[in-house]
Amino acid sequence: MKLRFTVNGAEREVDVAPLARLLDVLRDELRLTGTKEGCGEGECGACTVLVDGEAVMSCLVAGCQAAGRDVVTIEGAGHEAVQQAFLEEGGAQCGICTSGMIVATRAFLEEREREGKPATVEAAREALAGNLCRCTGYGKVIAAVLAAGGETR
Amino acid sequence: MNARVVSPRTLDDALAELQGASADTLLLAGGTDLMVEFENGRTEPRHVVDVWALDELRGVRAEDGGVRLGALTTCAELERDPLVTDVLREAAREVGAVQIKNRATLGGNLGTASPAADLNPVLFALDAVVRLRSAAGERELPCAEFVTGYRANARRPDELIESVLVPARAENERRAFRKVGTRKAQSISKVVLAIAARVDGGAVTALRAAAGSVAERTVLLPSLEQALAGRAPDAAAVESAARSAVRADVSPIDDVRSTARYRRELLFRLLKRLLREVLA
Ligand SMILES: Cc1cc2nc3c(=O)[nH]c(=O)nc-3n(C[C@H](O)[C@H](O)[C@H](O)COP(=O)(O)OP(=O)(O)OC[C@H]3O[C@@H](n4cnc5c(N)ncnc54)[C@H](O)[C@@H]3O)c2cc1C
Ligand code: FES
Ligand code: FES
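Residues numbered from 1 in each chain as written. Chains lettered and ligands numbered in written order. Predicted model: local features only at pLDDT ≥ 70, side-chain atom pairs only at ≥ 80, totals over all residues. Heavy atoms only, no water.

Asks: Could you clarify how one ought to interpret the pattern of salt bridges in this entry?
Replies: Side chains carrying opposite charge are able to pair once their charged atoms draw close together. By the definition in use, this model includes 36 salt bridges over all chains. For A:R21, the salt bridge identified is with B:E39, shortest N-O distance 3.6 Å. Here A:R21 is found in the loop between β2 (10–15) and α1 (22–29), whereas its partner B:E39 is found in helix α2 (residues 34–40) on a different chain. Residue classification places A:R21 among the buried residues on the basis of a relative accessible area of 6%. Through salt bridges that share partners, B:R61, B:E63, B:R68, B:R131, B:E138 and B:E140 make up one connected network. (Salt bridge = Lys/Arg side-chain N within 4 Å of Asp/Glu carboxyl O. Helix = DSSP H or I, 4+ residues; strand = E, 2+ residues; numbered from the N terminus. Buried < 20%, exposed > 50% of the residue type's maximum accessible area, 1.4 Å probe, protein only.)

Structure below.
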């Protein structure tokens with residue numbers, strides 16, 4: 001099928017199998033390899049992207065379901081404050097989980113801001129419960145989320 | 001994968017596409033169950049009707065007798081919507097991580113009919129009714145009858161789940177829900193339990209309970225209901241009712257997540273605890 005959708009603000013058109021995973025469309029067709037595959041079954045969060053502003057696992061989204069949608073990956077704009085916080089707090093080590101962590105953090109902070117609620121430790125842990133990390137032990141990840149929350153507010 | 005995939009834009013188009021469909025035709029909603037099955041080869045897609053774009057199947061609205069939930073309502077929406085209350089909200093909150101909840105739908109939870117599904121025990125215990133639509137018309141059936149076996153349901157190939165009606169809480173009805181998994185977020189249930197009950201004049205006048213991950217499908221607990229109906233719910237009665245339900249109504253197995261023995265013991269304890277909450 002011809003898949004037309006918006007990726008990081010630009011209109012894109014690619015020829016893909018309708019059930020191709022959005023993850024593969026992004027990585028293989030559009031060469032946006034910042035989005036990572038950890039498990040391929042929805043468990044790890046490494047493949048997190050935004051679709052119409054919501055964090056989803058791109059390994060579970062069929063290409064046909066991205067038609068006409070607005071997709072934002074780690075390569076997109078708007079993650080800068082969160083990225084800086086991950087850098088400064090040491091929230092990234094090997095980096096495999098990091099794109100997913102950053103995109104999920106952005107969705108979380110935007111939601112908190114919309115609802116006028118602070119980004120607490122408790123809420124941050126819950127928001128990132130679907131993002132697994134084998135390196136950091138999560139302490140510095142959560143510190144980065146809170147630091148970024150302070151900056152965007 | 002040489003599947004024929006269609007993504008209808010309207011409900012009528014979807015129903016037309018399903019007309020004369022065979023058991024090979026799959027409905028794709030949020031994909032959180034199906035995409036995994038496609039990837040690991042457990043399900044080979046041939047003909048797929050992608051219903052994700054059907055906004056007619058989305059949303060929550062108050063209706064005579066309760067709240068009507070569109071089949072495509074996601075767990076994230078159930079968690080957020082002010083019309084969705086108590087146990088259903090609690091159950092939706094526990095379906096996986098944020099990224100899963102943004103895609104996992106009510107219709108998909110019923111559709112997969114997994115014994116570990118978290119919304120289904122709530123739908124069973126509240127006696128929710130599922131509405132199925134086809135080009136030929138619609139029919140309704142209690143959710144507890146819709147699920148017929150291990151990952152099996154009563155949907156005909158030409159039908160889709162349109163919505164579910166969750167009855168409003170009766171006066172002095174009390175409800176409770178508990179899920180026990182390996183960790184707090186994103187884990188499949190070892191045991192999941194929902195109960196709705198009423199006590200009038202010191203006696204139990206209504207009781208419905210349903211449990212997941214303790215049999216090949218989500219099950220109601222009729223022995224529990226029978227043992228307590230019309231009785232004063234004192235500690236001894238509750239204990240013996242819980243014991244008979246664990247003995248007669250469930251058939252747990254050993255698997256990677258837990259053992260049969262642990263599940264029986266856990267269900268017994270959860271039953272006692274939740275019964276204390278709703279019958280107090
Ligand atoms: C990482 C992960 C964690 C999970 N955690 C949980 C959890 O904690 N608790 C839980 O209960 N589940 C969990 N799940 C399972 C899954 O998310 C749920 O079962 C979800 O509700 C499925 O909805 P869906 O829209 O994604 O279904 P899909 O995958 O799109 O479809 C599932 C099935 O339902 C059928 N179907 C879908 N919509 C309809 C309709 N309108 N009419 C008729 N049939 C329909 C499909 O044909 C298919 O057979 C998890 C899944 C993953 C990947
Ligand atoms: S690769 Fe998608 S969740 Fe792990
Ligand atoms: S930094 Fe290595 S997995 Fe998270």
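Still more ground to cover, so stick around.
Asks: For this particular structure, what's the right way to read empty space enclosed by the protein?
Replies: In total, this model carries two cavities of 30 Å³ or more according to the counting rule given. Approximately 60 Å³ is the volume found for the largest cavity. Surrounding the largest cavity, A:C64, A:Q65, A:A67, A:R69, B:S7, B:R9, B:D50, B:W52 and B:A53 form its lining. Across the lining of the largest cavity, the residue classes tally to four nonpolar, two polar and three charged. (1 Å grid on protein atoms, 1.4 Å probe; cavity = no way out; pocket = protein on both sides within 12 Å on 5 of 7 lines; lining within 4 Å. Points joined across faces, edges and corners; volume = space filled by probe spheres on them. Nonpolar A, V, L, I, M, F, W, Y, C, P; charged D, E, K, R; others polar.)

Asks: Just checking my understanding: could you explain unusual backbone geometry for this structure?
Replies: In this model, A:N8 sits at a positive phi of 50°, which is unusual for a non-glycine residue. Considering the arrangement of structural elements, one finds A:N8 in the loop between β1 (2–7) and β2. Residue classification places A:N8 among the partly exposed positions, given a relative accessible area of 25%. Despite not being glycine, B:D86 has its phi angle at roughly 25°, a positive value. Along the polypeptide, B:D86 turns up in helix α4 (residues 86–93).

Asks: How do you make sense of the sheet that holds strand β5 (residues 66–70) of chain B when you look at a structure like this?
Replies: Note: strands within a sheet are paired through backbone hydrogen bonds, in either parallel or antiparallel orientation. Residues and elements named next belong to chain B. One open sheet accounts for five strands, arranged β4-β5-β10-β6-β7; its pairing is antiparallel. Each edge of the open sheet is held by one strand with a lone partner, namely β4 (60–63) and β7 (137–142). Taken over all neighbouring pairs, the strand axes of this sheet differ in orientation by 25° on average, direction set aside. For strand β6 (residues 129–134) and strand β10 (residues 160–167), the ladder comprises five bridges, and the chain directions are antiparallel. Bridge pairing in β10 places V129 opposite L165. The strands that helix α1 (residues 11–18) touches are β6 and β10; relative to β10, the one it contacts most, it runs at about 120°. (Pairing = 2+ DSSP bridges. Axes fitted to C-alpha atoms, helices over the stretch in contact; angles between N-to-C directions. Contact = heavy atoms within 4.5 Å.)

Asks: I tried to follow the pairing of β5(B) on my own but got confused; where do I start?
Replies: Residue and element names in this part refer to chain B. In terms of burial, β5 is largely enclosed, as five of its five residues are buried. Pairing analysis gives four bridges linking β4 to β5, with the strands arranged antiparallel. Across the sheet, the residue bridging to V60 is L69, located in β5. Hairpin remark: β4 followed by β5, antiparallel, with two residues in the connecting loop; positive phi at G65, about 90°. The sheet contact formed by β5 and β10 spans five bridges and is antiparallel. In the sheet register, R68 faces β10, and the bridge partner there is L165.

Asks: Where do I start with the packing of helix α2 (residues 80–89) of chain A against helix α3 (residues 98–115) of chain A in this structure?
Replies: The relative placement of two packed helices is expressed as an angle between their axes plus a distance between the axes. Residues and elements named next belong to chain A. One can describe the packing of α2 onto α3 by two numbers: an axis separation of 9 Å at closest approach and a directional angle of 125°. Classified by the interaxial angle, the pair formed by α2 and α3 is oblique. Of the two elements, α2 crosses α3, and the hand of that crossing is right-handed. Contact residues: α2 offers V82, Q83 and F86, while α3 offers T98, M101, I102, T105, R106 and L109. Residue composition of the contact of α2 with α3, by class: five nonpolar, three polar and one charged. (Parallel < 35°, antiparallel > 145°, perpendicular 65-115°, else oblique. Left-handed = near helix turned anticlockwise from the far one by under 90°.)

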